[in-house]
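Coordinate inspection notes
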Amino acid sequence: MGKRKAFCAENLRALAILLFASAAVLMVCSMNSWLYPVNPWTDVNIISTVGRGMFDGFVPYRDLVEQKGPVLFLIFGLAELLFPGTYHGIYVMEVLFVAGALFFGWKTIRLYLPGLSPLWMVPLLAVLVGTPAFSMGASAEEFLLFPVAWSMYDLLAAWRTGKPLTSGALLRNGVLAGCVLWTKFNLLSFHFVWMAAVAIDALVKERKLWPPVKMCLIFLGGMALATVPWLVYFGANGAIGDFIQSYLIDNIFLYGMGGGRQSILRNIARWVIWLARENPLYMAVLAVAGISVLAVPRAKMAVREKAMLVAAAALMAASMFSRWHYLPYYVVYLASFLPFALLPLAGLRRFSRVHWPRWAAPAATAAVIIASVGFGYLTCGESSWIGTPYSETPQARIAQAIEDSGVENPTMLHEHLMDIGFYFSSGARPADRWFTALNIRQSDYVNKVQEMIDEGIPDFIITSPGDPEHPQEFEGYDVVLNFPSHYGLRAGETVYFTLYQREGAQKEAV
């Protein structure tokens, strides 16, 4: 019992350290934290609008068109309930998910480096969040680091200890895979390799077909458990067809298919080279992790462990980089492998035998976290916006103009513009399910928005004019605001926004 209590106490201390470190580092590097007035990233705001809508009676895909998975909408919707009207709930969710990923990453690397302090995970977090790929925080890839880290630990721990995966562990990992499936299904590649590795290992050991088949069925049962609630939800709302069309069919057949026919290998090579230029430190640490896995002696890491990790990394990279279209934050998903960059520390284990004074541990914890926060501040491209008054953001100006209009329960549409927080800040409701521009089905969006404007349905229209001196004219609408903004952009960049109000909207509201 004494050893078990010590084990639990060690895990709790590690989790507490990683929670505090995640909160401190993300406070500086995530634009959802209290240090930033607004997160202007389109993905965060589009998903937040849909997530908020889920709790306001809107059904994703049917009432608000989007292409991400429903689990992400649920996370953002719950975050909105934590701190209504702010991005701070999203920040809290980030802290919890990132800390969980760091915790299981630490437990995984401890299988090879017993006694390793959880503090070693904090600089790795700083490397991740300080890279341009991290963007402004709260990408789907960031949240999915947690289920991948947990599953990676479960399998490697079972192999390292010689204890077979229980039915409960298989079911749990099936649920984790199901959550990935209904967040961003192309990122299911890790769990595909995970289950294949489990099944192949069982087949080799048992030399019978039934044991691996049974394991696969239990795993799929876990995925089914994560799927049924969504089938019930969308089925009860008559939106199964919209769900399948928007999330599965559109993403499989429409997303990222431009650019003509190019080979998968060429696309992968192009994006890896581009990533190395844009994120040199992050990619260098990933390279160290990969080389370390290959170079570590087989006595320390078995061939099957290396094969699983290499196959998972390769398939994950292929699933993200093989298409012509690519976005920088995709590579955040590969941070699951960052802990293996610590494998060369095996030669430093002798320091664990040194008897340090009692004050050394808290002093080291504070020093590492402070240094990591400082590193994140210096390398994060968004840290220059810390402390910006809310009134200076375009979101605040649009919200104030709509409030001053006197229109009650206003509706709004974005014309040729992605949602960057104007619904969030103003409280205006989307006038149509096509509430924002997306990377797919753009002609459907353009046609519907134009139809709505021609019929004078939205109270407000917001757009980003190509010619700020001569903004576009819409019949029946007056220009309320036309202004430039630099918030959230790189140095020297400027974007203009124009807000239109429907003629007579205020009178009708009164």
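Residues numbered from 1 in each chain as written. Predicted model: local features only at pLDDT ≥ 70, side-chain atom pairs only at ≥ 80, totals over all residues. Heavy atoms only, no water.

Some remarks on a negative patch on the surface
- A cluster of acidic residues, Asp454, Glu455, Glu475, Asp478 and Glu503, forms a negative patch at the surface.
- Tracing the backbone through its elements, the reader meets aspartate 478 in strand 4 (residues 477-485). (Patch = residues over 30% accessible without salt bridge, like charges linked within 9 Å, V, L, I, M, F, W, Y side chains within 5 Å. Areas by Shrake-Rupley, 256 points an atom, 1.4 Å probe, with all protein chains shown as cover. Salt bridge = Lys/Arg side-chain N within 4 Å of Asp/Glu carboxyl O. Lys, Arg positive; Asp, Glu negative; His and termini not counted. Charge placed at Lys NZ, Arg CZ, Asp CG, Glu CD. Helix = DSSP H or I, 4+ residues; strand = E, 2+ residues; numbered from the N terminus.)

Structural notes on the sheet that holds strand 1 (residues 411-415)
- One open sheet holds the five strands; their spatial order is 2-1-3-5-4, and the pairing between them is mixed. The open sheet has two edge strands, strand 2 (429-430) and strand 4, and neither has a second partner.
- Bridging between strand 1 and strand 2 involves two bridges; their strand directions are parallel. The residue of strand 2 that forms the bridge with threonine 411 is arginine 429.
- Against the sheet, helix 17 (residues 442-454) contacts strand 1, strand 3 (460-463) and strand 4, and its axis sits at roughly 135 degrees relative to strand 1. (Pairing = 2+ DSSP bridges. Contact = heavy atoms within 4.5 Å. Axes fitted to C-alpha atoms, helices over the stretch in contact; angles between N-to-C directions.)

Side note on unusual backbone geometry
- With a phi angle near 60 degrees, serine 135 is a residue other than glycine that sits in the positive phi range.
- With respect to the helices and strands, the residue serine 135 is situated in the loop between helix 5 (121-129) and helix 6 (140-161).
- One non-glycine residue, histidine 416, lies in positive phi territory at about 55 degrees.
- Structurally, the position occupied by histidine 416 is in the loop between strand 1 and helix 16 (422-426).

A few points about the pattern of salt bridges
- This structure, assessed with the given rule, holds 13 salt bridges.
- Between arginine 441 and aspartate 444 there is a salt bridge, with its nearest N and O atoms 3.1 Å apart.
- Note on arginine 441: relative accessible area 22%, which makes it partly exposed.
- For aspartate 444, a relative accessible area of 33% translates into the label partly exposed.
- Taking the shortest distance from any N to any O, the salt bridge between arginine 502 and aspartate 459 comes out at 2.7 Å. (Buried < 20%, exposed > 50% of the residue type's maximum accessible area, 1.4 Å probe, protein only.)

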